[in-house]
Amino acid sequence: MKESNDVSDLNIKHIDPSLYNEDLAPLKPQDRNWGAFEIFNVWSNDIQSLFGYTLAASLFLTYGLNGWAVMAAIILAGVIVMFLVNLTGKPSVKYGIPFPVMVRASMGVRGANLPAMLRAIVGIFWYGVQTYFASTAVTLLITAFVGAGSGSTILGLSGVAWVSFVIVWLFQIAIFWQGIERIKHFLNWAGPLVYVVMLVLMIIVWYQAGSELIPAIDTIFSGGSETSGSSIAAFMAIVGTMVAYFAAVVINFGDFTRFVKTERQMKLGNLLGLPLNVAFFSFIALIITAGTLVLFGEALTNPADIVERVDSLPLTIIAALTFFAATVGINLVANFIPPAYDLANLFPSKISFKMGGLITAVIAFFVGALWLSVISQIGVPGFVNALGAIVAPFYGIIVVDYYLIKRQHLNMQELFSSAPGSAYYYVNGWNTRALIAFGVAALFSLSTVLVPALSSLGGYGWLIGAGLGGLFYYGLMRQFKAAPTLAEQNAQ
């Protein structure tokens, strides 16, 4: 199959309202204004969100592994994710298309709705969870001024907590409604500012802990009494868990790189934002966690709880506002924009990008409201791994299809065509081979999280699913003879 590799003309000539609207159309190079700094801030906000900090801090305590090994595992995960997103980001830098359009090449113009909807579900879950975590910062701020209230709770949330949750929920909708440029500006100042506050918090905790801090770090770094085999298993489980944390963004990274001017800027932003950023932030998390062990007799993994215990009103105000900004920033970009595109892809003529975002927000409200009393009981690492495992095979399918099957060439006109015989029509708009590859790989990767007998593979779910998805897809598609394009049919 010969496909056009000309990206100078990204205008879609024949509009199919079931596949096209302005939000899904290829973004022309002159309309892109993101660089390495914006990509860096996507990752810095992702890592520095309250949920990201809690996960990083808990990894030092959960696996009983030597702290240096935990640091190495977290950094290795950052390197792996950098490599993965460089692959998924490249096509959208080249063609300016979002994830749900990109995946049409492998899944079919109708089949693309399956990964888009699954990705939307994952995004909506993360959106609700992060909204709750951002609201804890607002709760901290309100409590500092007016007190905690009566103490009565509904679904585990106090009256102040409910007010905070609604405030955050409405604030995010307001920012999103003003468009991608406003989100970009919000993200660009929130990302660097949170580092300043985290450093200040680390210095305060270190100062108050005094000479006892280093022994506390040694306690965390000493690890348990694992054998060599179990230590390796724990190391790999941490790597897998951290990769799974980024899984949703890894798959739909094209939703962001379509705004980037060049591939070089994307790669530079990924280098600064992932391995280097993860290493520095994990060090801060380690020092603060060790300090809380000294100061409060327990290792606290939620920075909002730490700020509350430090009992400094100026720090409380600044930290609460910063944690709020950082968590809202990544929520808007990583968990609001992708579902908005994915839902718009379902019914382009009826659901715009903004309407998709509004639907996302409404559903996510209930997810966030139930996080504390229901969803969090699953456990943070298990929750991350289960969600990541479901969508993991699509990563392998997308990458193998673009680099090995399509040879890095896509036909933009036919990505928006549902005419029988078009390049990505396959069987009634669905690539059945891709569906088989996804189903088998997802079944196995999800079982590593849910089936007790496979618990030893816990943490590897995402990596296994992605690898198997790509392997099965390549095996099924290698001999596949694609239908000729409409242009080729006319030429015959």
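Shown above is the structure to which this text applies.
The paragraphs below set out a description of the structure included in this document. Keep in mind that what you see is a predicted model, and the values were worked out from it rather than measured.

So, on to the overall build of the protein. Of regular secondary structure, the protein possesses 21 helices and two strands. The C-alpha radius of gyration of the protein comes to 23 Å, within 12% of the 23 Å expected for a compact globule of 492 residues. By principal-axis analysis of the C-alpha atoms, the protein measures approximately 80 × 50 × 40 Å. Residue pairs at least 24 apart in sequence account for 86% of intrachain contacts in the protein once pairs closer than 6 positions are excluded.

Moving on, we get to the packing of aromatic side chains. Enumeration according to the criterion identifies 23 aromatic pairs in this entry. Ring centres of Phe-176 and Phe-353 lie 5.2 Å apart, and the angle between their planes is 50°; this geometry places the pair in the tilted category. Of the two residues, Phe-176 sits in helix α7 (residues 159-177) while Phe-353 sits in helix α16 (residues 353-371), which places them 177 residues apart along the sequence. As far as the burial class goes, Phe-176 and Phe-353 line up, both buried. Taken together, the ring pairs in this structure connect Trp-43, Trp-126, Tyr-245, Phe-246, Phe-253 and Phe-256 into an aromatic cluster.

Applying the stated criterion to the full structure yields three salt bridges. Across the pair Glu-181 and Lys-184 runs a salt bridge whose closest N-O atoms are separated by 3.4 Å. With Glu-181 and Lys-184 both in helix α8 (residues 180-209) and three residues apart, the pair spans about one turn of that helix. Here Glu-181 falls in the partly exposed class, since its relative accessible area comes to 32%. Linking Lys-406 and Asp-401 is a salt bridge whose minimum nitrogen-to-oxygen distance equals 2.5 Å.

Once that is clear, we can look at the environment of Val-427. Position of Val-427 relative to the elements: it lies in the loop between α18 (412-415) and α19 (432-450). A relative accessible area of 47% means that Val-427 is categorised as partly exposed. Between the C-alpha atom of Val-427 and that of Lys-354, which follows or precedes it by 73 residues, the distance is 31 Å.

Take the nonpolar core next. Trp-43, Leu-201, Phe-246, Ile-288, Leu-410, Leu-415 and Trp-462 are the most contacted members of the largest nonpolar core, which has 158 residues in total. Counting residues per element, this core draws most heavily on helix α15 (residues 313-346), at 16 residues. Setting aside residues no more than four positions away along its own chain, Phe-246 makes contact with Trp-43, Asp-46, Ile-47, Val-81, Leu-274 and Val-278.

Moving on, we come to the side chain of Thr-360. Looking at the secondary structure, you find Thr-360 in helix α16. Of note is the side chain of Thr-360, whose polar atom sits 2.9 Å from the backbone oxygen of Gly-356. Ignoring anything within four residues of it in the chain, the contact list for Thr-360 reads Ile-124, Tyr-127, Asn-335, Phe-336, Pro-339, Ala-340 and Leu-343.

Take unusual backbone geometry next. Phi is positive for Leu-155, close to 55°, though the residue is something other than glycine. Here Leu-155 shows up in the loop between β1 (153-154) and β2 (157-158). We classify Leu-155 as partly exposed; its relative accessible area is 39%. In this model, Asn-428 sits at a positive phi of 55°, which is unusual for a non-glycine residue. Relative to the helices and strands, Asn-428 is located in the loop between α18 and α19.

Turning our eyes to something else, we now look at the environment of Tyr-245. Tracing the backbone through its elements, the reader meets Tyr-245 in helix α10 (residues 228-245). Among the residues examined, Tyr-245 registers a relative accessible area of 6% and is labelled buried. The spatial distance from the C-alpha of Tyr-245 to the C-alpha of Ala-137 is 21 Å, given a sequence separation of 108 residues.

This brings us to the environment of Ala-299. The topology assignment puts Ala-299 in the loop between α13 (263-296) and α14 (303-310). The spacing of Ala-299 and Phe-324 is 25 residues in sequence and 22 Å in space, taken between C-alpha atoms. When neighbours within four sequence positions are excluded, Ala-299 is seen to be in contact with Leu-61, Thr-289, Thr-292 and Leu-293.

A cluster of nonpolar side chains, Trp-177, Met-355, Leu-358, Ile-359, Val-362, Ile-363 and Phe-366, forms an exposed patch at the surface whose accessible area comes to about 600 Å². Broken down by element, the residue count for the nonpolar patch peaks at six residues, all from α16. With respect to the helices, strands and loops of the structure, Trp-177 is situated in helix α7.

Let us look at helix α3 (residues 67-95). Taking 1.5 Å per residue, 29 residues should reach 42 Å; α3 reaches 43 Å between its end C-alpha atoms and fits that length. Along α3, the sharpest kink reaches roughly 30°, centred on Gly-89 and followed within four residues by the proline Pro-91. Phi turns positive, to about 70°, at Gly-96, one or two residues after α3.

Turning our eyes to something else, we now look at α7. Compared with the 27 Å implied by 1.5 Å per residue over 19 residues, the 27 Å span of α7 between its first and last C-alpha is a close match. Buried within α7 are the following residues: Val-160, Ala-161, Trp-162, Ser-164, Phe-165, Val-168, Trp-169, Gln-172, Ile-173, Ile-175 and Phe-176. Looking at the buried positions of α7, the neighbouring elements they touch are α6 (113-146), β1, β2, α8, α15 and α16. At the exit of α7 stands Gly-179, carrying a positive phi of roughly 100°.

With that settled, the discussion passes to the packing of α7 against α8. Close contact between α7 and α8 brings their axes to 6 Å; oriented N to C, the two are set at 120°. The angle between α7 and α8 falls in the class oblique. Residue-level contacts link Phe-171, Ile-175 and Phe-176 of α7 to Arg-182, Ile-183 and Phe-186 of α8. Its residues assigned to classes, the contact of α7 with α8 shows five nonpolar, no polar and one charged.

On to the packing of helix α1 (residues 36-48) against α13. To characterise two packed helices, one gives the angle between the axes of the helices and the distance between these axes. Look at α1 against α13: their axes get within 7 Å of each other, and the N-to-C directions meet at 30°. One way to sum up the angle between α1 and α13 is to call them roughly parallel. Both α1 and α13 take part in a crossing whose hand is right-handed. Of the residues in α13, those in contact with Ala-36, Ile-39, Phe-40, Trp-43, Ser-44, Ile-47 and Gln-48 of α1 are Gln-265, Met-266, Leu-268, Gly-269, Asn-270, Leu-272, Gly-273, Leu-274, Asn-277, Val-278 and Phe-281. When grouped by side-chain class, the residues that make up the contact of α1 with α13 number eleven nonpolar, seven polar and no charged.

Analysis parameters
- Residues take numbers from 1 onward in each chain, read along the sequence in its written order.
- Local features in this predicted model are restricted to residues of pLDDT 70 or higher, and side-chain atom pairs are both shown and tallied only at a pLDDT of 80 or more, whereas totals for entire chains, interfaces and linings draw on every residue.
- As a convention, hydrogens and water are excluded, and side-chain values are obtained from all of the structure's heavy atoms.
- The numbering of helices and of strands both runs from the N terminus, where a helix is a DSSP run of H or I of at least 4 residues and a strand a run of E of at least 2.
- The globule rule used here is 2.2 Å times the number of residues to the 0.38 power, and the radius of gyration it is set against is calculated over C-alpha atoms.
- Residue contacts are counted whenever heavy atoms from the two residues lie within 4.5 Å of one another.
- Stacked, tilted and edge-to-face pairs are distinguished by plane angle, under 30 degrees for stacked and over 60 for edge-to-face with tilted covering the rest, among Phe, Tyr and Trp rings (Trp via its six-membered ring) whose centres lie within 6.5 Å.
- Throughout, exposure labels follow a simple rule: accessible area from a 1.4 Å probe, protein chains only, divided by the maximum for the residue type, with under 20% read as buried, over 50% as exposed, and the rest as partly exposed.
- Here, a salt bridge means any side-chain nitrogen of Lys or Arg that lies within 4 Å of a carboxyl oxygen of Asp or Glu.
- The nonpolar core is taken to be a set of buried Ala, Val, Leu, Ile, Met, Phe, Trp, Tyr and Cys residues, with the residues joined through side-chain atoms within 4.5 Å.
- Here a polar contact is recorded for every N or O atom pair within 3.5 Å, except that within protein the pair must consist of a potential hydrogen donor and a potential acceptor, and residues adjacent in sequence are included only if both atoms are side-chain atoms.
- Without a salt bridge and with relative accessible area above 30%, a residue can belong to a patch; like charges are then joined within 9 Å and nonpolar side chains (Val, Leu, Ile, Met, Phe, Trp, Tyr) within 5 Å.
- Only the protein chains shown count as cover for residues, and the accessible areas themselves come from Shrake-Rupley with a 1.4 Å probe.
- To estimate the expected span of a helix, count its residues, drop one, and scale the result by 1.5 Å.
- Bend at a given residue is defined as the angle between two axes, one fitted to the seven residues that end at that position and one fitted to the seven that begin there.
- Interaxial angles span 0 to 180 degrees and are taken between N-to-C directions of axes, which are lines fitted to C-alpha atoms, for helices over the stretch in contact.
- Small angles under 35 degrees read as roughly parallel and large ones over 145 as roughly antiparallel, with 65 to 115 read as roughly perpendicular and the rest as oblique.
- Amino acids are sorted into nonpolar (Ala, Val, Leu, Ile, Met, Phe, Trp, Tyr, Cys and Pro), charged (Asp, Glu, Lys and Arg) and polar (every other residue, Gly among them).
- Here a crossing is called left-handed whenever its near helix is offset anticlockwise from the far helix by less than a right angle, and right-handed whenever the offset is clockwise.

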